[in-house]
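The chain contents come next:
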Amino acid sequence: MLKRHRLLPKSHLKLPGTAPGTLIVPEQAPEPVVTVMAFNRDELTEKVIENPEEIKPFLKKGTIVWVNVDGLGDADLLKKLGEIFGLHTLALEDVLNVHHRPKVEEYDKEIFIITRMACLRNDVLDIEQVSFFLGKNFVVSFQERPGDCLEPVRERIRKGGQRIRFMEADYLAYALLDAIVDGYFPVLEHFSERLNALEDVVVGNPDKQVVEQTHEIKRDLQVLRHGIWPLREALSRLSGDMPLIHDETKLFLRDCYDHVIQIIDILETYRERAAGLTDLYLSSLSNKMNEVMKVLTIIATIFMPLGFIAGLYGMNFDPDVSPLNMPELRWYFGYPFALGLMALFAAGLLIYFWRKGWIGRKN
Amino acid sequence: MLKRHRLLPKSHLKLPGTAPGTLIVPEQAPEPVVTVMAFNRDELTEKVIENPEEIKPFLKKGTIVWVNVDGLGDADLLKKLGEIFGLHTLALEDVLNVHHRPKVEEYDKEIFIITRMACLRNDVLDIEQVSFFLGKNFVVSFQERPGDCLEPVRERIRKGGQRIRFMEADYLAYALLDAIVDGYFPVLEHFSERLNALEDVVVGNPDKQVVEQTHEIKRDLQVLRHGIWPLREALSRLSGDMPLIHDETKLFLRDCYDHVIQIIDILETYRERAAGLTDLYLSSLSNKMNEVMKVLTIIATIFMPLGFIAGLYGMNFDPDVSPLNMPELRWYFGYPFALGLMALFAAGLLIYFWRKGWIGRKN
Amino acid sequence: MLKRHRLLPKSHLKLPGTAPGTLIVPEQAPEPVVTVMAFNRDELTEKVIENPEEIKPFLKKGTIVWVNVDGLGDADLLKKLGEIFGLHTLALEDVLNVHHRPKVEEYDKEIFIITRMACLRNDVLDIEQVSFFLGKNFVVSFQERPGDCLEPVRERIRKGGQRIRFMEADYLAYALLDAIVDGYFPVLEHFSERLNALEDVVVGNPDKQVVEQTHEIKRDLQVLRHGIWPLREALSRLSGDMPLIHDETKLFLRDCYDHVIQIIDILETYRERAAGLTDLYLSSLSNKMNEVMKVLTIIATIFMPLGFIAGLYGMNFDPDVSPLNMPELRWYFGYPFALGLMALFAAGLLIYFWRKGWIGRKN
Amino acid sequence: MLKRHRLLPKSHLKLPGTAPGTLIVPEQAPEPVVTVMAFNRDELTEKVIENPEEIKPFLKKGTIVWVNVDGLGDADLLKKLGEIFGLHTLALEDVLNVHHRPKVEEYDKEIFIITRMACLRNDVLDIEQVSFFLGKNFVVSFQERPGDCLEPVRERIRKGGQRIRFMEADYLAYALLDAIVDGYFPVLEHFSERLNALEDVVVGNPDKQVVEQTHEIKRDLQVLRHGIWPLREALSRLSGDMPLIHDETKLFLRDCYDHVIQIIDILETYRERAAGLTDLYLSSLSNKMNEVMKVLTIIATIFMPLGFIAGLYGMNFDPDVSPLNMPELRWYFGYPFALGLMALFAAGLLIYFWRKGWIGRKN
Amino acid sequence: MLKRHRLLPKSHLKLPGTAPGTLIVPEQAPEPVVTVMAFNRDELTEKVIENPEEIKPFLKKGTIVWVNVDGLGDADLLKKLGEIFGLHTLALEDVLNVHHRPKVEEYDKEIFIITRMACLRNDVLDIEQVSFFLGKNFVVSFQERPGDCLEPVRERIRKGGQRIRFMEADYLAYALLDAIVDGYFPVLEHFSERLNALEDVVVGNPDKQVVEQTHEIKRDLQVLRHGIWPLREALSRLSGDMPLIHDETKLFLRDCYDHVIQIIDILETYRERAAGLTDLYLSSLSNKMNEVMKVLTIIATIFMPLGFIAGLYGMNFDPDVSPLNMPELRWYFGYPFALGLMALFAAGLLIYFWRKGWIGRKN
């Protein structure tokens, strides 16, 4: 059975027609773990909190607050966070719709960003939706599951003395976006290696699994494309006219945009390579079939006439009755004559096949 | 015989050249059932009416009237409704042209919206045209057949205390659109499961029905795409510059637009998967053919030479006449010699095939 | 031999480099029949005329004149008509270039429209170029051959009391366009039925004609697409900024534009269905080939070993010479033993094939 | 070996990095022949000149000078012409780059136009680059080789009394462009006939040459497309805002633009037809293979069992030893019994194949 | 094993989430060799330097300085160069990201250009990233490896008296770009020859390597396309509104842009040819398979009946027992009769095959 990615969340299968903004938790979503990092140039507090109310003290001027929610299993928590940070209810509904297309939405006081994070878990592609709210001095991020590729960003915050501590919340949001986008590169590298391996197999000794694996790779690439393609437009909108984002950050966002373009380009290339693989496989198969057919034809074409000659002299016409009845059977050189006839036939056919290039020449 | 959806209504086959605005009822259209829901924040009247005239009393200020027509079998009724609500005759003609492309048309005092509602009836895709007229304080909707996915909207109206009762007719129209759009998700889920099942069949033991079923799925996806694709543009126009629609509703319409984009994306993915299925099937078939050919070739290649040897010693050359005539027949070890010769041949060929990877190794 | 449509008129093969505006009559163009319909709200004159001069009396204020020319075999007549109505010489050249792309061209005092009329003659697609000149109070139309789908328009004019008699020449032009566009629907219906029939044949018992017929349908659809696609842009230009066309007529033209979009959509669907047919056919063929190969392989694989055994005991080794020489021949149960051996072989192979799913299970 | 068109001139293979504007003569370019036609409404001089200096006397007010250069083998001549007419050195470099993409370039005092002229020489497509400089009162044209499709234009100039003599240099340039564009039509006609012929062959009795010829046609069509496609944009620029071109000429250029669109449309159609041909061919081949396989299978399936029965009664079990040993051999009706058995088998199989539709019914 | 180009640098596989602007040297990048060419109309200094500080003296008014860095193995050197010329850190990061998409980035005082240089090394495509910084009076270029196609530009500088010495830094940048773009032409010529050779092989005697080679060519063309395609947009931006670039240079850049378009066109053509090759190959293979099958079928169909007749008269029915038991065996003309029967059968079948066009006629 083939491995698959869900494109459509069960959670979305709420009864069509329910009121918009209804928060429905995705199936099997883990309980949320909420982490707060509050920092400015000089100070840093990092804390796992139980109650959203604990965030409020951090929300003071001159401090950037990053609230990260790992797990979407608690709709109430989302509502409370929504109230604290003033998040729009339609946006919160999108946070829970874990197969949403990446996008950027601008609200009065915050920017809402949906992205898809790609990573490999045991060589299997794992896609997770990460949503951000960027406000004047806060970033609230939501992830489907624990485990992410944002650790280096946390390290940079912890280490201090770096740009991320001097700049504002928009730079933090950029840093998260950049980490998510750069996270696609090792995944692409993995697919490149798998495609290389498959190509070598196809050219060498194509087997049935090639088709299935190519099919799987194609689908994985498609899933990646779904995750990265709309990000292009989203990033281009972010580096456009957005009051919450400083011009300096926009320069960095443009760099991030370049990376997205590069990823899209590479994905396109891999898709073509995967498509080429199927062609290569079918050609290889046709070649092998041709080879099988040739062996059959050569063998049949040689042994059928020989068998016929043998059958001929196996006939029981009575030589006693008539001198015309198989006199060869009583010739002194009858048997050698028959063998010679056969050898002649076989040699003739071998030469014929050799001339046609079916044997002896390497095809 | 394949199941099919009509893309072209018989009803459209009116004599080309008839005057525009001529109302021609679609073939086999059921008799209309007209339901009125009139409500405001405090009151709600729900009623099945026989005569369009009964609507008039509801049309007073501060009340939102939703007239729903199930069944298009009565052109006169349409005309009367058109007069009561001031609907344009060309729009009414489009209501009856039940295979119309979804669109939004703006008239002086109303907005005309055509959509296609998708649902499953006994696992078969069922597409129905739903047209709306949105006026200042009314919505008139037309459906081809009884049965729809708008029941949850009615429930929300009946329950009261919800946004749908506080806001104006444009929000009602949005709620209907949203219900119709969200109705595509369970249908997509159904196709996803069918594609999964087909993929497993193709990889396991491809049979002929796969092709037909893939063909059917492709067509169903195409029909869905026809229904949803133009809605993208329609919704984008609705959330544009339309005096009848409030800014707050436009925010909701943008959310609905996002869902349409998501549906289009998923449809695209499914189309590619269905296309991939055909490739997978043909590869699978080629593989099986190759396997069949190999069995044939191996058997023929082994038994033809053996049969030839048997035929050889079945020849009737007379050993009495000449010592050269098949002396083997009278050797003491003649028969074991012949059998050994055959075993040698067979073993040699088996080793040859094994070396070629045709037998013994799993391909 | 396949049926074909000419895309390139012989008439266009005038010597490249001849002066523009040279009127060259298409090959085998029939002699023109000129009909005049002159009408206003109260009066109607309908007349077949011999001499273009006869038109002049009708050209008075308050009367709409429709001159219809059936057949393009007379360049002089065109020139005279051109002089009477002030038609541009380049436009007249295009009238005679009977394979011109549909377009709308605006001149000082008239609008020039080229369209392609589609109809079925004996189930064969027949495409005819229809060109219009729309002036302030006249329409001059040119058709390649007698016979058209504009009769219902004439009927509406004759009947009187209808909008077509009250409005101006632009509405008449719209009515003609609408009749031509709506004329595509029965043609599409015909192709839909042919595709349905072909699909059923392919799924049931694919034969060679399917390929040819699919090829023909593809080409016919292509020809239709050539005729309708550019009309989209033409109609959109007509409902744009054109002083000769009233706003009310533009509303009707937008409706006509909708129909063109619908036709294009349906054509696209049919093209995909025709493409799918070829895939279906090839899959069906591969399936049949596979089936043929299996029968061959099963028969060969069973009878070759049996034949070998029979051949073995047909060898003439002399049992008198040595007790090792085919003692089976003199066993009491020799013959039953041989038959048993054969039955064993055959049964073993049948079980092997059954296990492989080659026989007994329905594929 | 396949016939081919060079897309890349050897001449372009100058050392990358040489200074721009370096004039390098194409390989094997013939020596130029320079013809001058100087005319106004009343007078005409036509002359082959040896020295570019001879042109100068013609360059007076009120005279239009057309200098045509056949052959690009002399860089000095180009330089001299460049000086006389004030042509830009980069444009002259493009004249010699004989595989340049058609384009229009506007310089201070002249317009530079590159086009590709298509004609047939002995049924082989011949593409030649024709470049023009259009100045206030001159046209300088460059062709790769003698022989062109501009003769009718020359005739019109010589004849006098025609528009070409009354109007200015821009009309002359238009006339040349129009002659070149119209020159594509006979070429297209030729390809249409070749495609028709190939289609009939494929449907009738497909042979190997079909593939090669289709491949050649595809490439020729591609080459034509390369020549005509960019002309679309070029012509649209010419009929745009160009001070050197009068409004009246622009009307003619728009007509020429229409022809280019028509050619592109036809080319697109032919490309699809050529693509369809390959499909048709492969289907035809599959069909034939199927037929061959069926013959083989039928013959093998009938004769293998018969051969087995014959082999059975060819066994040498000794009936003397045991009554069980092939008693049939001594039955009175033994031989007829064996023959009957065979006939029964054969008939049974024939009925089976007939039921399967493999024989007797026309497929 | 197939040859491959890396699209994704190992160097890019830095831990996602590291701070932007971090300079990480690509794997196995050679140590840089820095060359300075400082020149004006009259003077020229050319020097290999060890320490970036040595550049400073050249940076005076009226002198154009070209610093070329061959090899990216030293991040410190880049930083120092960045400080001297005021290069943006994000741009420097892109210099080291050696698989960056070509682009033009405008900074305050410099323009940053990334291009990809294509050349052949031992008939293998070699792609190298070349980045430029263009300032008011300097160009700093970075190459991955020693060896380039810029030598002719250096020669033109050295020779003096040419435009490159009179004009400013923007012309130098153009000259480098032009040399890089023109460097694609010999590479394209190489691929054209390989495609020609492959086409001849496929038409003549297709072998397995064709598929692999086609696959390789396709990938190489894809890599070239990746290198040249974005350059189109980059060059179009360069010839747009850029204060650092003079209008005269923009004219040259437009010429360069034309070459890029031409390269893209040719690449597109080659891609189609490579795609056509695969089709051609598969058709050729099908043809050969068909031919093999025909030989097999003809041989089998002829010899199976003959073998059957021989087997028939090899049966051992006892003619002594019954006059019905194979009386032919004792006929005087028994043997000739059997041989005649066989000859008749064989001739009949040969005529049948000849009629079917399977033998004797050239297919």
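Since the structure is predicted, the reported quantities are computational estimates derived from the model, not experimental observations. (Residues numbered from 1 in each chain as written. Chains lettered and ligands numbered in written order. Predicted model: local features only at pLDDT ≥ 70, side-chain atom pairs only at ≥ 80, totals over all residues.)

The secondary structure content of chain A amounts to nine helices and seven strands. In summary, chain A has a C-alpha radius of gyration of 36 Å against a globular reference of 21 Å for 363 residues, an excess of more than 25%. Once the C-alpha set of chain A is aligned to its principal axes, its extents read approximately 125 × 45 × 30 Å. Relative to its 363 residues, chain A shows a buried fraction of 47%. A fraction of 68% describes how many contacts in chain A between residues 6 or more apart in sequence connect residues 24 or more apart. (Helix = DSSP H or I, 4+ residues; strand = E, 2+ residues; numbered from the N terminus. Rg over C-alpha atoms; globule rule 2.2 N^0.38 Å. Buried ≥ 20, exposed ≤ 12 C-beta atoms within 10 Å, placed from the backbone. Contact = placed C-beta atoms within 7 Å.)

As a further point, take the sheet that holds strand S5 (residues 111-121) of chain B. All names here are of chain B. Taken in spatial order, the seven strands make up an open sheet running S2-S1-S3-S7-S6-S5-S4, and their pairing is mixed. Looking at which strands have only one partner, the edges of the open sheet turn out to be strand S2 (44-49) and strand S4 (103-106). Strand-to-strand twist in this sheet, taken as the mean axis angle between neighbours without regard to direction, amounts to 20°. Two strands pair when backbone bridges link them, and strand S3 (residues 64-70) and strand S7 (residues 138-143) are joined in this way by six bridges, in the parallel orientation. Counterpart to Val65 in the pairing with S7 is Phe138. Lying over the sheet, helix H5 (residues 169-182) contacts S3, S5, strand S6 (124-134) and S7, oriented at roughly 170° with respect to S6. (Pairing = 2+ DSSP bridges. Axes fitted to C-alpha atoms, helices over the stretch in contact; angles between N-to-C directions.)

Two orientations exist for strands paired in a sheet by backbone hydrogen bonds: parallel and antiparallel. All names here are of chain E. In spatial order, the strands read S2-S1-S3-S7-S6-S5-S4; together these seven strands make up an open sheet with mixed pairing. Because the sheet does not close on itself, it has two edges, and the strands there are strand S2 (44-49) and strand S4 (103-106). Pairwise comparison of adjacent strand axes, ignoring direction, gives a mean angle of 20° for this sheet. This element, helix H6 (residues 184-204), spans strand S5 (111-121) and strand S6 (124-134) of the sheet and lies at about 40° to S5.

Attention now goes to the domain arrangement of chain A. The assigned domain composition of chain A is domain 1 (20-283) and domain 2 (291-355). Computed from C-alpha atoms alone, the centre-to-centre distance between domain 1 of chain A and domain 2 of chain A is 77 Å. (Domains from an automatic or database assignment.)

Our next topic: the packing of helix H8 (residues 247-312) of chain B against helix H8 (residues 247-312) of chain C. Where H8(B) contacts H8(C), the two axes come as close as 9 Å, and the packing angle between them is 20°. In terms of axis orientation, H8(B) runs roughly parallel to H8(C). Crossing handedness for the pair H8(B) and H8(C): left-handed. Of the residues contributing to the contact of H8(B) with H8(C), the split by class is 20 nonpolar, ten polar and three charged. (Parallel < 35°, antiparallel > 145°, perpendicular 65-115°, else oblique. Left-handed = near helix turned anticlockwise from the far one by under 90°. Nonpolar A, V, L, I, M, F, W, Y, C, P; charged D, E, K, R; others polar.)

This part covers the relation of the copies chain D and chain E. When chain D is brought onto chain E, the operation consists of a screw motion whose angular component is 72° and whose axial shift is 0.0 Å, with 0.1 Å RMSD remaining. Taken together, the rotation angle and the small translation identify this as a five-fold axis. Within chain D, Gly314(D) has its C-alpha nearest the rotation axis, a separation of 4.6 Å. When the interface residues of chain D are mapped onto chain E, a mere 13% of them are again interface residues, pointing to distinct binding faces. (Least-squares fit on C-alpha atoms with pLDDT ≥ 70 in both.)

Contacts between the two partners involve 54 residues from chain D and, on the opposite side, 62 residues from chain E. Where the side of chain D that touches chain E is concerned, the elements lending two or more residues are helix H7 (208-238), helix H8 (247-312) and helix H9 (334-355) of chain D. Broken down by element, the residue count for the side of chain D that touches chain E peaks at 17 residues, all from H8(D). Here the residues of the side of chain D that touches chain E sort into 31 nonpolar, 14 polar and nine charged.

What follows deals with the pairing of strand S1 (residues 33-39) of chain E. Residue and element names in this part refer to chain E. Burial within S1 is extensive, with five of its seven residues counted as buried. Alignment of S1 against strand S3 (residues 64-70), held across seven bridges, turns out to be antiparallel. Within the sheet, the bridge partner assigned to Thr35 lies in S3 and is Asn68. Here S1 runs beside S2; their pairing, made up of six bridges, is antiparallel. Bridge pairing in S2 links Phe39 to Leu44. Counting the residues that bridge the hairpin from S1 to S2 gives four residues.

The next point concerns the environment of Thr249(B). All names here are of chain B. By secondary structure assignment, the location of Thr249 is in helix H8. Thr249 sits in the buried class, given 22 other C-beta atoms within 10 Å. A C-alpha to C-alpha distance of 84 Å links Thr249 and Pro305, two positions 56 residues apart in sequence. Those residues within four positions of Thr249 in sequence are excluded, and the remaining contacts are Asp170, Tyr171 and Tyr174.

Another aspect to go through is unusual backbone geometry. Trans is the prevailing form of peptide bonds, just as negative phi is the prevailing case for residues other than glycine. The phi dihedral of Asn122(C) falls on the positive side, at around 55°, and the residue is not glycine. For Asn122(C), the position within the fold is in the loop between strand S5 (111-121) and strand S6 (124-134).

Moving on, we get to the environment of Asp318(C). The residue Asp318(C) is located in the loop between H8 and helix H9 (334-356) in this model. Residue classification places Asp318(C) among the partly exposed residues on the basis of 16 C-beta atoms within 10 Å. With sequence-adjacent residues up to four places away left out, Asp318(C) is seen in contact with Leu329(B), Arg330(B) and Asn325(C).

Moving on to the confidence of the model for chain A. All names here are of chain A. Mean pLDDT over chain A stands at 86; residues scoring 70 or higher make up 94%. Within the model, the stretch residues 9-13 combines pLDDT values under 50 with 18 contacts to residues more than four positions away or in other chains. This prediction of the complex comes with two scores: 0.81 for pTM and 0.75 for ipTM. (pLDDT = per-residue confidence, 0-100.)

All names here are of chain E. Counting buried positions over the eleven residues of S6 gives eight, a clear majority of the element. Here eleven bridges tie S5 to S6, and the two strands are oriented antiparallel to one another. The residue of S6 that forms the bridge with Ile114 is Ser131. If you look at the hairpin formed by S5 and S6, you'll find two residues sitting between the two strands, and Asn122 has a positive phi there, around 55°. Strand direction decides the pairing type here: S6 and strand S7 (residues 138-143), joined by five bridges, are antiparallel. Of the residues in S7, the one forming a bridge with Phe133 is Val140. Between S6 and S7, which pair antiparallel one after the other, the connecting turn spans three residues.

Before going further, it helps to examine helix H7 (residues 208-238) of chain E. Compared with an ideal rise of 1.5 Å per residue, which puts 31 residues at 45 Å, H7(E) spans 46 Å between its outermost C-alpha atoms and is within 8% of the ideal. Most pronounced at Arg232(E), the bend in H7(E) amounts to some 30°. (Expected span 1.5 Å × (residues − 1). Bend = angle between axes of the 7 residues up to and from the residue.)

With that out of the way, let us pick up the environment of Arg330(B). Structurally, Arg330(B) is set in the loop between H8 and helix H9 (334-355). Under the C-beta neighbour-count criterion, Arg330(B) is labelled partly exposed, with 17 such atoms within 10 Å. Each C-alpha atom, one on Arg330(B) and one on Arg145(B), is 92 Å from the other, the two residues being 185 residues apart in sequence. Excluding its chain neighbours within four sequence positions, the residues that come into contact with Arg330(B) are Pro319(B), Asp318(C) and Val321(C).

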